[in-house]
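# Structure assessment
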Amino acid sequence: MPGFAKTSASKAVSKKGNLGNTLHDDALQNNGTLLGADELVLNMGPQHPSTHGVLRVKLKLDGERVRGTECVIGYLHRGVEKIAENRTYQQFAPYVDRMDYVAAISNGLGYCEAVEKLLNVEAPPRARVIRTILTELQRIASHLVWLGTHALDIGALTPLFYCMREREEILKVFEKYCGARLTTHAFRIGGLQYESYDGFEKDVERFCNDFERRIQEYVDLLTGNSIWIGRTRNVGVLNAADCIALGASGPILRAAGVKWDLRKAQPYASYDQYKFEIPVGTNGDTYDRYMVRIEEMRQSRLICLQAIEKIPEGAIMGKVGKVIKPPAGEIYHSIEAPKGILGYYIVSDATTQPYRVRVRPPSFINLQALDKMVRGHLVADVVAIIGTLDIVLGEVDR
Amino acid sequence: MADEPKPPQSDSPKPEKPGGASTPPAALKPPAAPVTPPAAKPAPPPPKPPPPVQVPLDNELTRRYREHFGAAILDALEDRKQPYLVIDVANLSEIARYSRDEEKFDLLEDLTDVDWPRREKRFDLVAILYSFPHNTRLRLKMAVAENERPASLVELWPTSNWLEREIFDLFGIEFAGHPDLKRILLPDGWQGHPLRKDYDILLQDSAWVRENLGIESGQ
Amino acid sequence: MNPTVLTILHFLQTWWVELTCGVVIVAVVPLVAGYVVLLERKLMADMQARLGPMRVGPHGLLQPIADAVKLLIKEDIIPAESDKFIFWLAPVISMVAALTSMGAVAFGPAFQVARDINIGILFVLGVSSLGFLGIILGGWASNSHYSILGALRSTAQLVSYETAGGLAIISALLLSGTLKISAIVQAQYDQHAWFIFLAPVAGFIYLVASIAETNRAPFDLPEAESELVAGYMTEYSGFRWALYFLGEYANMIVVGSIATTLFLGGWLRPFPNVHWLNWLDFLPAVIIALVGVYCIYRAGKQPVKVQTGFMWAVALGCFAVAFVFAALWLLHLFHRFGVLIPLNLDFILPGLNGAFWFLLKVSGYIYVFMWLRFTLPRYRFDQLMHLGWYILIPLAIINVFAVGISMLLEANGVNRWIGMVLTTVLVLAAAVFLVRWHDQRTESASTASLTPDSYAG
């Protein structure tokens, strides 16, 4: 029997559903369902407009209410960790972009910093600052994709195009910087390969100055909209204790009320130099996650503005040779990716190829929380909840 | 656009014609020796960083662990400023419970595995714990033999449900007490555990060819 | 002659008008619906900072034709276990209902599509409700989970909002006293006000109800892509799907026509009774001519040559139409001032003007539909039903009483507008109360269901 059969009807708490108590008591005798009907197993995906990738979700329904889910993943498993064992450290760097392909630069940052820790070198200050700027722009881009698709799932057709319009500007910056828009491979182990181009600061500044007004557009369309609130408030609630128990991190954790951000707790790159707030929610529902991510976009914009004011001069590449052969040992380094805590556990055996690379994927671990979040909700909410988790299947499956 | 440091080229000019005037027509002779890159002066090697070493660790935390668990804590080391404890897998659940409840490591950040096939206990199960109140991390490493079944951590940290399924899927370690141990990333009927070191794509390919085409793969 | 041929000829002679109307409806309305689809795509694109269909024909004008051809030549896929006859019948019913209800609509004085029957509104409502049958049957015949769920949800939604919409219509009918479409418009002329000013809440309720009835966002859950693929339309492909789709847009036009007739004054121009504003009668021609001038202005700014030509063509078209209007006016003036021209086409003018105003209002109404679709997210099904039953229907009932009271007050000498304002305030207060009460219930229901139960993974 599938795992979720464990939560049998006998565990159902007497909830005051819309139909009152008595019917629910009947349900306890009737096969666990209202009216004693059979449970319907509805299969969503792997091809489905709203599962954001190849994700298969088996929903166990009682009428329209979801009683349990089972996620079937692995459709995008490419064996990235196995591949890593047969590539040199530099050769593996492009692979990490392809995991969370929506936020490739963050993946690259985590990996490069992890290997740098393994080598005990530090990227020079100029490289760190440029890395920070690009990573924050990437965070904004990732959240824009999330916002557009999430709103589209809930039925608002227009925010998607507005978000894509803004993201286009960011991708233009990336293209000017390293030639690629999506899977950028922007960073190198030890620092950067490319110097920032002429006009980089101007472009970023122009984008940031324009962006505040755009965020206000999204907020005007969605935040006060009673339909939006009705669709997202109290939907997919995950409180703080459950978040930590399930390992959910990132905006999900912050929306549950935990004011914690790895950029502040254990700063990396040049985050310790900038002032920014950590947005926190109260309920841990979809609406709070939406508010947290909108605010995170605003804070990322502030970080970018602070960073471009003083980019230090100097080298962009640290003292790393052409051949990277870290001494034997292991390292674990994690960063605050847009989706959550992205961690790299790298074991080196003193050769040019890593012995083991383990990626701690935030989307994989956040997706586990789906089962907890959808119980008791309607089918229409499942789509909203999958959207609010902000998963990228490339990262879930690797 | 590349700015990475290149080894300085020596100034000796490349030879223009291989062999000089006495070369027979090129069609009859294999091409002359390829132009060897000029013997460049080797670049001064980058200064080697001091080799990091796994240093034994002895601080408050490790002392408390050793107090509680004595022999179960096989070793306490620090590698590149990251502490880890090597523990006995038999005591995994007690040590885990202690870590979560007493030491306040409330987040199981990651649970993973490394395969050292030439060791007697080939697997190295690694649990990375993080404590929100103390803002510290701790790694717990334990050696697991091939058919050993470590205790599942699902009761303590529900996040390990899928993490353990993934380890089972890719390495083949079964966890005792896991509610639903089945493959997660690979299809249900998959044979083998790919992240083991003795599993490679040629193996996979020849197995498939043998099974489906009835011949030996020529790879 | 052969008696059968005689009977046929006699039949044709008696019914040729109706038959022609029928043929015209079946031929024209789907085409118009297709162009409404194009209009929607262009509007959507405009609101989303993009251009919409641009390739097929100048500015995408041949897109509906291309879509129609594509759908016609598509493979006809019928699910294996489905009930073939019903599967075939369902979209037909949907389309027939929409087209038949078009028949009773009048878009100008003496410009009825088919016939100005004395139960006009009732007929239109009744027949367009038959379209629900097409939806249920379609969902059932498809023999698939998704389709059944979608069909049932759609039907439940339609029935609920039909009730609310019907009650809103009753408010307007109270004011007009008749079901005949031309008489309703005449009543608005006689009472010197469009009914939306006399019963504004009814107009608004009807707006919401009609959006739900045509399955448009924010009430488009049954056909939302991200929910259940396409609900009852999931298994339909090719031209069968096109029939459903066109039926939906034809329904939109019907519903817009009803709203215009009942609330927006039908074919009356703004301020139809104010004589010093009679120059507004020239407005249709002026507006069309201005559109032409604007097209010429934009023609110079088009980036691509073919679009310049297109703009000029549109401008010339506008001027041609404006010229027709102007010519008719000139003729009318000549007759007024006794200039002898042996052509009396005066009877066309009011009809043409009326048709212009009617179409303008229907277009405005449909524009609001589309605008709401692109702006608002979708209601979840239970929220939709709550809105219909807990808020709209009680409000509509209260509104009927309110309109009755205001008519009573008017009959007893109170100024009509004061009566209207008083009753509207009452109804709005009731609306606020209903919404607050509803919010409280949903609040308590959802917080109660948040009892924490801890599951391990």
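Before reading further, recall that the structure is shown in the block above.
What you see as residue numbers is a count from 1 along each chain, following the sequence as written. For naming, the first written chain is A and the first written ligand is 1, with later ones following in the order written. Per-residue local features of the predicted model are confined to residues with pLDDT of at least 70, and side-chain atom pairs are confined, for both listing and counting, to 80 or more; whole-chain, interface and lining totals are unaffected and use all residues. Calculation of side-chain values draws on the structure's entire complement of heavy atoms; hydrogens and water are dropped beforehand.

Let us now look at the overall build of chain C. Note on conventions: DSSP H or I runs of at least 4 residues are helices, E runs of at least 2 residues are strands, and numbering of each starts at the N terminus. Within chain C, the secondary structure is distributed over 16 helices and zero strands. In terms of overall dimensions, chain C is globule-like: its C-alpha atoms have a radius of gyration of 25 Å, near the 23 Å expected for 457 residues. Each of the three principal axes of chain C carries a C-alpha extent, and together these read 95 × 65 × 65 Å. Looking at the 457 residues of chain C, the share that counts as buried comes to 49%. Contact between two residues is taken to exist if any of their heavy atoms lie within 4.5 Å; hydrogens are not considered. Contacts in chain C between residues at least 24 apart in sequence constitute 76% of all its contacts with a sequence separation of at least 6. Here, Shrake-Rupley sampling with a 1.4 Å probe gives the accessible areas, and only protein chains in the shown set may cover a residue. Taken as a whole, chain C presents about 22000 Å² of accessible surface, with 74% of it coming from carbon and sulfur. The charged-residue count follows a simple rule in which Lys and Arg add positive charge and Asp and Glu add negative charge, with His and chain termini not counted at all. Here the site of a charge means atom NZ of a Lys, CZ of an Arg, CG of an Asp or CD of a Glu. Positive and negative side-chain charges in chain C, numbering 24 and 25 respectively, have mean positions lying 9 Å apart. Put simply, the radius of gyration uses C-alpha atoms, and a globule should come to 2.2 Å times the residue count raised to 0.38. Burial status follows relative accessibility: with a 1.4 Å probe on protein chains alone, a residue under 20% of its type maximum counts as buried, one over 50% as exposed, and anything between as partly exposed.

It is worth spelling out the overall build of chain B at this point. Scanning chain B from N- to C-terminus turns up four helices and six strands. Secondary structure elements of chain B, listed N to C terminal, follow the sequence β-α-β-β-α-β-β-β-α-α. Per-residue burial over chain B gives 40% buried out of 219 residues. The long-range share in chain B, meaning contacts at least 24 apart out of those at least 6 apart in sequence, stands at 48%.

Taken together, the 52 residues of chain B in the interface contact 50 residues of chain A. Throughout, the accessible surface (probe 1.4 Å) given up by two parts as they are put together, summed over both, is called the buried area. Buried area between chain B and chain A, both sides added, is near 4600 Å², and the carbon and sulfur share of it is 56%. By the criterion of area lost to chain A, the three top residues of chain B are B:R80, B:W162 and B:L185, representing 16% of everything that side buries. Take a side-chain nitrogen of Lys or Arg and a carboxyl oxygen of Asp or Glu: if they are within 4 Å of each other, that pair is a salt bridge. If you look at where chain B meets chain A, you find seven salt bridges. The term polar contact refers here to a pair of N or O atoms within 3.5 Å; inside protein, the definition further demands a hydrogen-donor-capable atom paired with an acceptor-capable atom, and it admits residues adjacent in sequence only when both atoms are side-chain atoms. Summed over the shared surface of chain B and chain A, the number is 31 residue pairs in polar contact (both at pLDDT 80 or more). Those elements giving two or more residues to the side of chain B that touches chain A turn out to be β3 (82–87), β4 (107–115), β5 (123–131), β6 (136–144) and α3 (160–171) of chain B. Ranked by residues supplied to the side of chain B that touches chain A, first place goes to β4(B) with eight residues.

Turning our attention to the pattern of salt bridges. Under the definition given, this model contains 61 salt bridges over all chains. Taking the shortest distance from any N to any O, the salt bridge between A:D100 and A:K339 comes out at 3.5 Å. Here the residue A:D100 occupies a position in the loop between α3 (89–97) and α4 (104–119), and A:K339 occupies one in the loop between β6 (329–337) and β7 (340–348), the gap between them amounting to 239 residues. Owing to a relative accessible area of 0%, A:D100 belongs among the buried residues under this scheme. Here A:K339 falls in the buried class, since its relative accessible area comes to 1%. Residue B:R139 is joined to A:E330 by a salt bridge in which the shortest nitrogen-to-oxygen separation is 3.0 Å. Placement of B:R139 in strand β6 and of A:E330 in strand β6 is noted, with the two residues assigned to different chains. B:R139 gets classed as buried once you look at its relative accessible area, which sits at 3%. Through salt bridges with shared partners, one network takes in A:E136, A:R139, A:R254, A:D261, A:R263, A:E296 and A:E336.

Now for the sheet that holds β7(A). All names here are of chain A. Reading across the sheet, the three strands line up as β6-β7-β8 and stay open at both edges, with antiparallel pairing between neighbours. Because the sheet does not close on itself, it has two edges, and the strands there are β6 and β8 (356–360). The sheet shows a mean angle of 10 degrees between the axes of neighbouring strands, taken without regard to direction. Bridging between β7 and β8 involves five bridges; their strand directions are antiparallel. Looking at the pairing, V347 lines up with R356 of β8. A pair of strands is treated as paired once DSSP finds two or more bridges between them. Axes here mean lines fitted to C-alpha atoms, for a helix over just the part in contact, with angles spanning 0 to 180 degrees between N-to-C directions.

Time to look at the nonpolar core. Side-chain atoms within 4.5 Å link the members of a nonpolar core, which is a set of buried Ala, Val, Leu, Ile, Met, Phe, Trp, Tyr and Cys residues. Residues C:I121, C:Y161, C:I169, C:Y206, C:F219, C:I258 and C:L262 are the most contacted members of the largest nonpolar core, which totals 86 residues. In this structure, this core is formed jointly by two domains, domain 1 (1–73) and domain 2 (77–268 + 374–441) of chain C, each of which donates at least three residues. If we skip the residues at most four places from it in the chain, C:I169 touches C:I121, C:L125, C:Y206, C:I258 and C:L262. Within the second largest apolar cluster, 83 residues are counted, among which are A:L144, A:I170, A:C208 and A:Y287. For the domains described, the bounds stem from an automatic or database domain assignment.

On to the sheet that holds β4(B). All names here are of chain B. Strand order in the open sheet formed by six strands is β1-β2-β3-β6-β5-β4, and the pairing between neighbours is mixed. Of all strands in the sheet, those bounded by a partner on one side alone are β1 (55–56) and β4. Pairing of β1 with strand β2 (residues 73–79) involves two bridges; the strand directions are antiparallel. Pairing of P56 across the sheet is with L77, part of β2. Running over the sheet, helix α1 (residues 60–69) touches β2, β3 and β6 and is turned about 170 degrees from β2.

So, on to the environment of C:G351. Note on placement: C:G351 falls in helix α14 (residues 348–375). With a relative accessible area of 3%, C:G351 lands in the buried category.

All names here are of chain C. For the pair helix α3 (residues 84–103) and helix α4 (residues 120–129), the least separation of the axes is 8 Å and the interaxial angle reads 175 degrees. The angle between α3 and α4 places the two elements in the roughly antiparallel class. Listed contacts from α4 to A97, T100 and S101 of α3 are F123, V124, V127 and S128. A breakdown of the residues in the contact of α3 with α4 according to their chemical character gives four nonpolar, three polar and no charged. Throughout this description, any angle smaller than 35 degrees is read as roughly parallel, any larger than 145 degrees as roughly antiparallel, any in the 65 to 115 degree range as roughly perpendicular, and the remainder as oblique. Amino acids outside the nonpolar list (Ala, Val, Leu, Ile, Met, Phe, Trp, Tyr, Cys, Pro) and the charged list (Asp, Glu, Lys, Arg) are all regarded as polar, and Gly is one of them.

It is worth spelling out α1(B) at this point. One turn of the α-helix equals 3.6 residues, which is why residues spaced by three or four share an orientation. Residue and element names in this part refer to chain B. Of all the positions in α1, only L61, T62, Y65 and F69 are classed as buried. Across the axial projection of α1, the buried residues extend over an arc of 95 degrees, all falling on one side. For α1, exposure combined with an orientation more than 90 degrees from the buried face picks out E60 and E67. Looking at the buried positions of α1, the neighbouring elements they touch are β2, β3, α2 (92–101) and β6. Once α1 ends, the next one or two residues include G70, with phi positive near 50 degrees. The directions from the helix axis to the C-beta atoms form the arc being described.

Next up on the list: the environment of B:R80. All names here are of chain B. Within the fold, R80 resides in the loop between β2 and β3. With a relative accessible area of 9%, R80 lands in the buried category. Distance from R80 to L195, taken between C-alpha atoms, is 26 Å for residues 115 residues apart in sequence.

Residue and element names in this part refer to chain C. With a 1 Å grid laid over protein atoms only, a set of points is called a cavity when a 1.4 Å probe fits there but cannot get out and a pocket when it is open yet has protein on both sides within 12 Å along at least five of seven lines; lining residues have an atom within 4 Å of a point. Grid points are joined across faces, edges and corners, and a volume is the space filled by probe spheres set on the points. In this structure the tally under the stated criterion is seven cavities of 30 Å³ or more. Lining the largest cavity are 14 residues, and of these S94, I135, Y232, E248 and N251 sit closest to its centre. Of all elements in the fold, only α5 (131–141) and α11 (238–263) reach the threshold of two or more residues within the lining of the largest cavity. Among the elements that line the lining of the largest cavity, the one with the most residues is α11, at four residues. Split by residue class, the lining of the largest cavity holds five nonpolar, seven polar and two charged. Its volume calculated, the second largest cavity comes out at about 70 Å³. Along its surface, the second largest cavity is lined by L125, S128, S129, F132, E162, Y206, E213, T214, N251, V254, V255 and I258.

With that out of the way, let us pick up helix α1 (residues 3–47) of chain C. Residue and element names in this part refer to chain C. Working rule for helices: expected span equals 1.5 Å times residues minus one. In a regular helix each residue adds 1.5 Å, so 45 residues correspond to 66 Å; α1 covers 62 Å between its end C-alpha atoms and thus fits that length. Here the bend at each residue means the angle between axes fitted to two seven-residue stretches, the one ending at that residue and the one beginning there. Where α1 bends most, at W15, the angle is about 75 degrees. Of the residues trailing α1, A49 is marked for its positive phi of about 60 degrees.

Remark: helix α13 (residues 362–374) of chain A packs on α3(B), axes separated minimally by 9 Å, with the N-to-C direction vectors making an angle of 125 degrees. Relative to α3(B), the element α13(A) is oriented oblique. Together, A:F364, A:I365, A:L367 and A:Q368 of α13(A) and B:N161, B:W162, B:L163 and B:E166 of α3(B) make up the contact between the two elements.

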